Amino acid sequence: MIEKNSKANPIHPLMSIQPLGRGRVRTPASTPIAWRLNFYFLRQVAVIFLAFICVPKTGAVSGPLKLSVDAQQVARRILHVTMTIPTAPGPITLVYPKWIPGQHSPVGPINDVVGLKFTSGGAAVLWQRDDVDMYAFHLQVPLGASEVEAEFYLTGTSDESGYLLGNSSAQQQMMLDWDQVILYPLGVPTDAQTIQAQLTLPAAWKFGTALAVDSQEGQVITFKPVSVTMLVDSPLLAGARLREIDITPPGETRIHKLDLAAESAAALDIPEDVIAHYRRLVAETGALFKARHYEHYNFLVWLHGTYQDGLEHHQSSDNRLPEMGLADAQWRRIQGDLLGHEMVHSWNGKYRRPAGLATPNYQEPIKGDLLWVYEGLTNYLGQVLAARSGLWTPDDYRDRLALIAAELDNRPGRSWRPLQDTAVSAPILYGSSPEWEAWRRSADFYEEGSLLWLEVDTIIRTQSKGTKTLDDFCRVFEGGESTPPVMIPYTFDDIVTALNSVVPYDWRGLFHARLTSLSPHAALDGIYTAGWRLTYTDTPSELNNAMEAKLDSLDMRFSIGMLLDISGKIVDVLPGTPSDIAGLAPGMSLIAVNRRHFSPQVLRDALKRGKDTPADLDLIITNQDDFLTVRVEYHAGERYPRLERDGSKPDMLSSILAPLSAVR
Ligand SMILES: [Zn+2]
């Protein structure tokens, strides 16, 4: 990628306080003292002189880095890394990526780096971690040296969360995120630093990646040199069982592939109609943006474990789904928008990026103030594209929208934390506990983005009397001419200007109102204008059923005010609801309901019967080691969100979900 207008790279303050001698190899104690002192003095003078004339200043670029990753022990959650780092004699600070693109957080797994060693010309070079920045290593390159060799191991634990190696490796497959296996000189813009990577895979494994291969000998693959930015932006999926499916739609010149890795053949047995929907997804993105900013695209799909998430890249995406995540219809109902969401990021996030996220390297903190565009608009478009491409039916889309609307409309945290603050505090909200989430709020800029950008879409359609849509904004702001990967930062004003070029409106006022609101209720104007309204029924939607079956999630937030898992453990309690008033809290467990052993059905039956009886819900609860009896005063039965049609208005939502492309 080429970073346009990226911030000037400041001199890192740590460099100015770094003593020259730190980390040097000590003079052997057997050397005579006078000679030793003399040598030390002369050496220091020489080092200072050479450092003055030779050492790259912070931000200077060294020659190409060489990286070699041996993944033959990846099933044990171990990667062996060696690097050759060209440099001049003197002090150098090498850093391990900290702020990971797309994760919007300082989550580089520095604690999983073990066995770190540096050598030069075969001799050890001592390192010292920075006193403040745990991701920085200071070393002193000896006189006469032109490069340093680094060696370390990346280890993973059995914790199945996030993008750590433990959650990216299995007996027969791996997802390699290159940011976890590199060091690079401090202060260097990663666009300007070249790196050549080599990877050794376990025997007979195949791989998929957007990276260009230079050569391959057996299991050793050498990739063409790229910038550090491009390497980190190009993860690699490998496995003993890897299926590659070309999903390039007719008439499209850029190659699009689904690369799937799983531990079982059944997981890779994707129904033909589902593959056709993904081909349509590619066609629909073309019809939406009318330009592409990549040369080819790989959907890398990891089908293993329990994690469900995705990480966007310019020419590929790292998609994590359970083993049957693509083959099973209930999983598709829950996660059918994942691949579309990650692909939209190629335009909205990678090509156009908020200025606060357009940092020159991975050490500089990000600012998340515009994540309601980066993630919020992507969330909306990913869901709309799931419907346009047939991955979701219109009912699936509406059930999702109803759940989002209900969740945000019953979010007590809204009255203290505005939407804008969920974006600004994204680095601390990612990974926060689901317990007390409704009160704390979470990364709500995703789901609230679906409401906000639907509202924007309906305003454009209304104001233009049906001649313009949000798709036009996407073309103006993120389409343009097709290009190879390139990044153009934007500001809040740029969004307002682009929207006004589509349809003049008080966009600034709208966004300000939505971003700063402390109303306890969500703005559902987009849904109403689109001809639908939020309502509640006593029958769970297909989405509710899928979430209970696949995620073990029992959603009683809109009735008694709590979210449970199917074992009865309380995950969240909404302040102000009957569960809150009764004194329940996340972490407690429901043991019995009206003197009957808890099960989801027993609770549902009790809620149903409660409508016709004055008796309160009688619960037995455990709170750590204690048993409690709790009475919950509630008589309104089961309540699950749905959208119902408002016949007084045109059905704009169906127009929004209609396919743009002729590809079927
Ligand atoms: Zn995203």
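Model, not experiment: these values are computed from the prediction.

Visitor: Where do I start with the overall build of the chain in this structure?
Guide: Scanning the chain for helices and strands turns up 22 helices and 35 strands. The globule rule puts the C-alpha radius of gyration for 664 residues at 26 Å, and the 28 Å found for the chain is close to it. Once the C-alpha set of the chain is aligned to its principal axes, its extents read approximately 95 × 65 × 50 Å. For the chain, the share of sequence-separated contacts (at least 6 apart) that also reach a separation of at least 24 residues comes to 72%. Per element, the accessible surface of the chain, about 26000 Å² overall, is 54% carbon and sulfur. Across the chain, 61 positive and 77 negative side-chain charges occur, with their mean positions spaced 2 Å apart.

Visitor: Hey, could you run me through the coordination of the zinc ion in this one?
Guide: Ideal values for angles at a metal depend on the geometry: 109.5 degrees with four tetrahedral donors, 90 or 180 degrees with six octahedral donors. Of the protein atoms, only His 341 (NE2), His 345 (NE2) and Glu 375 (OE) coordinate the zinc ion, at distances of 2.0 to 2.1 Å. For the zinc ion, all donor residues lie on one chain, and their spacing in sequence is H-x3-H-x29-E. Of this pair, His 345 sits in the loop between α7 (338-344) and β25 (352-354) while Glu 375 is found in the loop between α8 (371-374) and α9 (376-388), placing the two residues 30 residues apart along the sequence.

Visitor: Is there a simple way to explain the packing of aromatic side chains in this structure?
Guide: The geometry of an aromatic ring pair is captured by two quantities: the separation of the ring centres and the angle between the planes. Taken as a whole and judged by the stated rule, the model has 25 aromatic pairs. Centre to centre, the rings of Tyr 163 and Tyr 307 are 5.7 Å apart; their planes meet at 85 degrees, and the pair counts as edge-to-face. Of the two residues, Tyr 163 is situated in the loop between β10 (147-155) and β11 (169-170) and Tyr 307 in the loop between β22 (297-303) and β23 (309-312); the sequence distance between them amounts to 144 residues. Both residues of the pair, Tyr 163 and Tyr 307, belong to the buried class.

Visitor: Explanation requested: the nonpolar core in the structure shown.
Guide: Judged by nonpolar contacts, the single largest core of 97 residues is most densely connected at Phe 299, Trp 453, Leu 470, Phe 473, Ile 495 and Phe 511. No other element matches the 8 residues that helix α10 (residues 394-409) contributes to this core. Leave out the neighbours within four places in its chain, and Phe 473 touches Leu 377, Trp 453, Glu 478, Ile 495, Ala 498, Leu 499 and Val 502.

Visitor: Looking at this structure, how should I read the packing of α10 against helix α19 (residues 542-551)?
Guide: For any two helices packed against each other, the geometry comes down to the angle between their axes and how far apart the axes lie. Interaxial distance between α10 and α19 falls to 8 Å at its minimum, and their mutual angle equals 75 degrees. Classified by the interaxial angle, the pair formed by α10 and α19 is roughly perpendicular. On α19, the residues touching Asp 399, Arg 400 and Leu 403 of α10 are Glu 542, Leu 543 and Met 547. Taken together, the residues that form the contact of α10 with α19 break down as 3 nonpolar, no polar and 3 charged.

Visitor: What should I look at first to understand the UniProt feature "domain: Peptidase M61 catalytic" (unreviewed entry) in the chain in this one?
Guide: Under the local residue numbering, the UniProt record ascribes the feature "domain: Peptidase M61 catalytic" (unreviewed entry) to residues 337-452. Taken end to end, residues 337-452 has its terminal C-alpha atoms 18 Å apart, with 52% of it in helix and 3% in strand.

Visitor: I tried to follow the UniProt feature "domain: Peptidase M61 N-terminal" (unreviewed entry) in the chain on my own but got confused; where do I start?
Guide: Sequence positions flagged by UniProt for "domain: Peptidase M61 N-terminal" (unreviewed entry) are, in local numbering, residues 67-240. In the segment residues 67-240, helix accounts for 3% and strand for 49%; the C-alpha atoms at its two ends are 23 Å apart.

Visitor: Hey, could you run me through a nonpolar patch on the surface in this one?
Guide: Where nonpolar side chains cluster on the molecular surface, the patch consists of Trp 416, Trp 436 and Trp 439 and spans about 350 Å² of accessible area. Counting through the fold element by element, Trp 416 comes out in the loop between α10 and α11 (419-424). Accessibility expressed as a relative area gives 46% for Trp 416, which makes it partly exposed.

Visitor: Mind showing me how you'd approach unusual backbone geometry here?
Guide: A positive phi angle is found at Asp 552, which is not glycine, with a value near 55 degrees. Along the chain, Asp 552 falls in the loop between α19 and β28 (553-556). According to the relative accessible area criterion, Asp 552 is partly exposed, its value standing at 38%. In the Ramachandran plot, Arg 595 falls in the positive-phi region, its phi being about 70 degrees despite a non-glycine side chain. Here Arg 595 shows up in the loop between β31 (589-593) and β32 (596-597).

Visitor: Please clarify how the sheet that holds strand β19 (residues 236-239) should be interpreted in this entry.
Guide: Paired through backbone hydrogen bonds, the strands of a sheet run either parallel or antiparallel to each other. Taken together, 4 strands build an open sheet; the order of strands is β11-β12-β19-β15 and the sheet is antiparallel. Single-partner strands in this sheet number two, and they are β11 and β15 (206-209). In this structure, strand β12 (residues 173-176) lies alongside β19, joined through 4 bridges in antiparallel fashion. Within β19, the residue paired with Met 175 across the bridge is Leu 237.

Visitor: Can you help me understand the side chain of Asn 379 in this one?
Guide: Examined against the element boundaries, Asn 379 turns out to sit in helix α9. The buried category is assigned to Asn 379, whose relative accessible area is 7%. Within the structure, Asn 379 has its side chain in polar contact with the side chain of Ser 450 (distance 3.0 Å). Beyond its immediate sequence surroundings of up to four residues, Asn 379 is in contact with His 341, Tyr 446, Glu 447 and Ser 450.

Visitor: Please explain the pattern of salt bridges as it appears in this structure.
Guide: A side chain of one charge can pair with a side chain of the opposite charge when the charged atoms of the two come close. With the rule as written, the count across this model stands at 32 salt bridges. Its salt-bridge partner being Lys 350, residue Asp 233 comes within 3.7 Å of it at the nearest N-O pair. Note that Asp 233 is positioned in the loop between α3 (228-232) and β19 and Lys 350 in the loop between α7 and β25, a separation of 117 residues in sequence. Lys 350 shares its class with Asp 233; the two are buried. Here Asp 525 makes a salt bridge to Arg 514, at a shortest N to O gap of 3.7 Å.

Visitor: Where do I start with the pairing of strand β29 (residues 562-565) in this structure?
Guide: Side-chain positions along a regular strand alternate between the two faces of the sheet. Examined bridge by bridge, β28 and β29 share 4 bridges and lie antiparallel to one another. Bridge assignment links Leu 554 to a residue of β29, and that residue is Leu 564. Once β28 ends, the chain turns through 5 residues before running back antiparallel as β29, passing Gly 561 with a positive phi of about 90 degrees. Bridging between β29 and strand β30 (residues 570-573) involves 3 bridges; their strand directions are antiparallel. The residue of β30 that forms the bridge with Met 562 is Val 573. Hairpin connection from β29 to β30: 4 residues lie between these consecutive antiparallel strands, with Gly 568 at a positive phi of about 105 degrees.

Visitor: What exactly am I supposed to notice about the confidence of the model for the chain here?
Guide: Taken residue by residue, the chain gives an average pLDDT of 91. The fraction at 70 or more is 91%. In the predicted structure, residues 1-59 sits below a pLDDT of 50 and forms 85 contacts with residues beyond four places in sequence or in another chain.

What counts as what
Residues numbered from 1 in each chain as written. Predicted model: local features only at pLDDT ≥ 70, side-chain atom pairs only at ≥ 80, totals over all residues. Heavy atoms only, no water. Helix = DSSP H or I, 4+ residues; strand = E, 2+ residues; numbered from the N terminus. Rg over C-alpha atoms; globule rule 2.2 N^0.38 Å. Contact = heavy atoms within 4.5 Å. Areas by Shrake-Rupley, 256 points an atom, 1.4 Å probe, with all protein chains shown as cover. Lys, Arg positive; Asp, Glu negative; His and termini not counted. Charge placed at Lys NZ, Arg CZ, Asp CG, Glu CD. Donors = N, O, S within 2.8 Å, 3.2 Å for Na, K, Ca; no water. Phe/Tyr/Trp six-rings, centres within 6.5 Å; stacked < 30°, edge-to-face > 60°. Buried < 20%, exposed > 50% of the residue type's maximum accessible area, 1.4 Å probe, protein only. Core = buried A, V, L, I, M, F, W, Y, C linked by side-chain atoms within 4.5 Å. Axes fitted to C-alpha atoms, helices over the stretch in contact; angles between N-to-C directions. Parallel < 35°, antiparallel > 145°, perpendicular 65-115°, else oblique. Nonpolar A, V, L, I, M, F, W, Y, C, P; charged D, E, K, R; others polar. UniProt positions renumbered as here; feature names shortened; annotations may be inferred. Patch = residues over 30% accessible without salt bridge, like charges linked within 9 Å, V, L, I, M, F, W, Y side chains within 5 Å. Salt bridge = Lys/Arg side-chain N within 4 Å of Asp/Glu carboxyl O. Pairing = 2+ DSSP bridges. Polar contact = N/O pair within 3.5 Å; in protein donor to acceptor, adjacent residues only side chain to side chain. pLDDT = per-residue confidence, 0-100.

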